[in-house]
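Single-letter residue listing:
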Amino acid sequence: MGGGEPVRVLALQSGTSADGIDAALVVIEPSDDGLDLEIERWGTEPWRPDERSLVLRAVHGGRLDPAEWCALQTAVGRAFARAAVRFASDADPVDVVCSHGQTVFHGVQGGAVWGTLQVGEPAWIARATGCPVVFNLRVADVAAGGLGAPLITAFDERWLAASAEETGVAVASLNLGGIANVQVVQADGSASGFDTGPANALLDAWISRATDGAETFDRDGAHARAGRVDDALLARLRAHPYFALTAPKTTGRETFTIGTVDEALDGRQLPLADVCATLLELTATTVADALAGTAPDIGRVVVSGGGARNPVLMARLGEHLGVPVEPSDAWGIPADAREAVMFALLAYLSAARVPLELPGTPAGRAAVAGQWDLSAAPLPVPPTVPAAPPPRRLRARTREERS
């Protein structure tokens with residue numbers, strides 16, 4: 001793992017929607033001007049019903065006693081270990097496992113983050129794989145006075161820098177998970193990023209409740225396509241105080257809950273399709289507003305996350321933004337895998353002791369992300385990371401693209 005040798009990282013994460021455990025097996029190799037990433041495998045390990053029920057109970061703010069918190073920490077750790085064994089079993093030996101775990105709370109008050117909580121005991125992963133495991137990747141930045149999010153800015157400033165520099169036009173990336181976050185990389189290599197508000201969180205929660213769990217998301221935007229936007233509901237939702245905050249800023253599911261929609265409806269009854277159309281429009285308009293207010297000169301938007309597979313949302317984003325909007329697949333990273341691929345890079349940077357400079361982190365206080373569980377294997381000699389400036393570059397491709 002030292003010098004210019006490639007590093008094999010298995011990265012695991014579950015987003016705010018808790019749809020499943022995303023995994024990506026990534027080979028990272030330093031080159032003269034940056035890092036080359038080859039994505040060997042990616043996919044999703046489903047939660048078992050009892051696991052997801054416990055996870056969602058915590059994510060939605062349910063009361064858990066100490067025994068239940070212990071059960072949650074153990075269940076998530078064991079589920080991630082199961083995913084790690086599945087995705088590493090047919091591959092060459094893995095050097096490092098990165099586990100983001102499951103976020104259950106991100107504490108924001110007055111625009112500052114006072115704490116963040118991700119669960120999933122890493123010892124289960126270390127025992128199952130025999131690998132060192134890096135985890136708890138946000139809290140060092142929070143302790144340094146930062147927001148602990150969006151972590152993906154550290155990835156995108158390397159990944160999109162070459163395009164922005166070559167074209168002389170800023171490139172934006174947009175991740176549409178439960179919460180939407182945008183990153184903007186300027187032609188001079190500078191980067192910014194923040195959470196714009198809900199992406200799929202409200203839509204998923206509303207559909208799940210309306211169908212008694214028979215549906216958990218709006219597949220292909222079918223409900224939204226069949227409905228019409230209710231202007232009164234949209235206006236009340238857009239009046240949420242989060243949207244008026246200045247960037248950089250961060251939020252989570254604890255801020256945008258199904259109660260947010262209930263309150264905005266104020267007792268009115270609307271068809272499911274109309275609520276879905278309105279919630280989708282909320283995402284599209286608030287993303288467009290955020291980019292117009294912070295980066296009006298972008299040339300294109302690269303989209304990842306579950307929302308990238310919703311053709312209705314992608315079309316509305318394109319109409320509001322007026323620039324090309326395309327999934328990250330066209331840039332070498334499957335839209336469903338980009339967050340997991342990002343965590344693979346963070347593991348590499350953590351092993352190499354490279355501090356993360358995130359939006360909102362006070363100048364001079366950037367911290368190395370992550371803690372390490374070395375109970376099953378020691379951390380090998382840290383990899384060499386090309387120095388900056390100038391080579392803060394990242395190239396990504398899938399194994400199929402290489403062949």
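So, a few notes on the structure that sits alongside this text. Just so it is clear, the model here is predicted, and its values are computed rather than measured.

Taken as a whole, helix α3 (residues 122-129) has its buried residues at P122, I125 and A126. Take α3 and look down its axis: the buried residues cluster within an arc of 100°, on one side only. Measuring from the side-chain oxygen of the N-cap residue of α3 to the backbone nitrogen of A123 gives 3.0 Å; that N-cap residue is E121. G130 sits one or two residues past α3 and shows a positive phi near 70°.

Before going further, it helps to examine the nonpolar core. Grouped together as the largest cluster of nonpolar side chains are 45 residues, with contacts concentrated most on L174, L176, L279, L291, I298, V301 and L317. The set of elements that each furnish at least two residues to this core consists of β7 (171-176), β8 (179-185), α7 (201-210), α9 (231-238), α10 (258-265), α11 (272-294), β10 (300-304) and α12 (311-321). Looking at which element gives the most residues to this core, the answer is α11, with ten residues. The residues contacting L291, other than those within four sequence positions of it, are A172, V182, V184, P296, I298, V301 and L321. In this structure, A11, L160, A164 and Y348 belong to the second largest nonpolar core, which totals 43 residues.

The subject of this paragraph is the environment of A352. Within the secondary structure, A352 is located in the loop between α13 (338-351) and β12 (371-373). Its relative accessible area of 18% is what places A352 among the buried residues. For the pair A352 and V381, spaced 29 residues apart in sequence, the C-alpha to C-alpha distance is 8.7 Å.

Look at α11: 33 Å from first C-alpha to last across 23 residues, which is about the 33 Å you get at 1.5 Å a residue. By the criterion of burial, α11 is predominantly enclosed, with 18 of the 23 residues buried.

Right, let's get into the packing of aromatic side chains. Considering all chains together, one arrives at seven aromatic pairs under this definition. Their ring planes at 75° and their centres at 6.3 Å tell us that Y242 and F243 sit as a pair that is edge-to-face. Ring geometry for Y242 and F256: centres 5.9 Å apart, planes at 90°, overall edge-to-face. With Y242 in the loop between α9 and α10 and F256 in the loop between α9 and α10, this residue pair connects regions lying 14 residues apart in the sequence. Each member of the pair, Y242 together with F256, is buried. Ring-pair connections join several aromatic residues into one group, and the members of that group are F155, W159 and W331. A cation sits over an aromatic face here: R209 above W206, 4.9 Å from the ring centre. Stacked on the ring of Y242, the Lys or Arg K249 has its end atom at 4.5 Å from the ring centre.

What follows concerns the pairing of strand β3 (residues 34-45). Here strand β2 (residues 21-31) runs beside β3; their pairing, made up of eleven bridges, is antiparallel. Paired with V27 across the bridge in β3 is E38. In this antiparallel pair of consecutive strands, β2 and β3, the connection spans two residues. Here β3 pairs with strand β13 (residues 394-398) via five bridges, running parallel. The residue of β13 that forms the bridge with L35 is L394.

In total, this model carries 18 salt bridges according to the counting rule given. Across the salt bridge formed by D262 and R209, the nearest N and O atoms sit 2.7 Å from each other. You can see D262 sitting in helix α10 and its partner R209 sitting in helix α7, a full 53 residues away along the chain. What makes D262 partly exposed here is its relative accessible area of 32%. Of the charged contacts, one joins R238 and D289 as a salt bridge, the two residues approaching to 2.8 Å between their closest N and O atoms.

The strand order across the open sheet built from five strands is β9-β8-β7-β10-β11, with neighbouring strands paired in mixed fashion. Edge positions in the sheet fall to β9 (191-198) and β11 (325-327), since each has one partner strand and no second. With strand direction ignored, the average angle separating the axes of adjacent strands in the sheet is 25°. Where β7 and β10 come together, five bridges link them in parallel fashion. Residue pairing for β10: S173 is matched across the bridge by V302. The sheet contacts of α11 involve β7, β8, β9 and β10, and relative to β9 the element is tilted by about 150°. Strands β7, β8 and β10 of the sheet are contacted by α13, whose axis makes an angle of about 110° with β7.

Another aspect to go through is the side chain of T286. Looking at the element boundaries, T286 is found in helix α11. In this view, T286 contacts T196, R238 and F243; residues no more than four positions away in its chain are not counted.

Parameters at a glance
- Residues numbered from 1 in each chain as written.
- Predicted model: local features only at pLDDT ≥ 70, side-chain atom pairs only at ≥ 80, totals over all residues.
- Heavy atoms only, no water.
- Buried < 20%, exposed > 50% of the residue type's maximum accessible area, 1.4 Å probe, protein only.
- Helix = DSSP H or I, 4+ residues; strand = E, 2+ residues; numbered from the N terminus.
- Arc of directions from axis to C-beta.
- Polar contact = N/O pair within 3.5 Å; in protein donor to acceptor, adjacent residues only side chain to side chain.
- Core = buried A, V, L, I, M, F, W, Y, C linked by side-chain atoms within 4.5 Å.
- Contact = heavy atoms within 4.5 Å.
- Expected span 1.5 Å × (residues − 1).
- Phe/Tyr/Trp six-rings, centres within 6.5 Å; stacked < 30°, edge-to-face > 60°.
- Lys NZ or Arg CZ within 6 Å of the ring centre and 35° of its normal.
- Pairing = 2+ DSSP bridges.
- Salt bridge = Lys/Arg side-chain N within 4 Å of Asp/Glu carboxyl O.
- Axes fitted to C-alpha atoms, helices over the stretch in contact; angles between N-to-C directions.

These results come straight from atomic positions and should not be treated as a statement about function.
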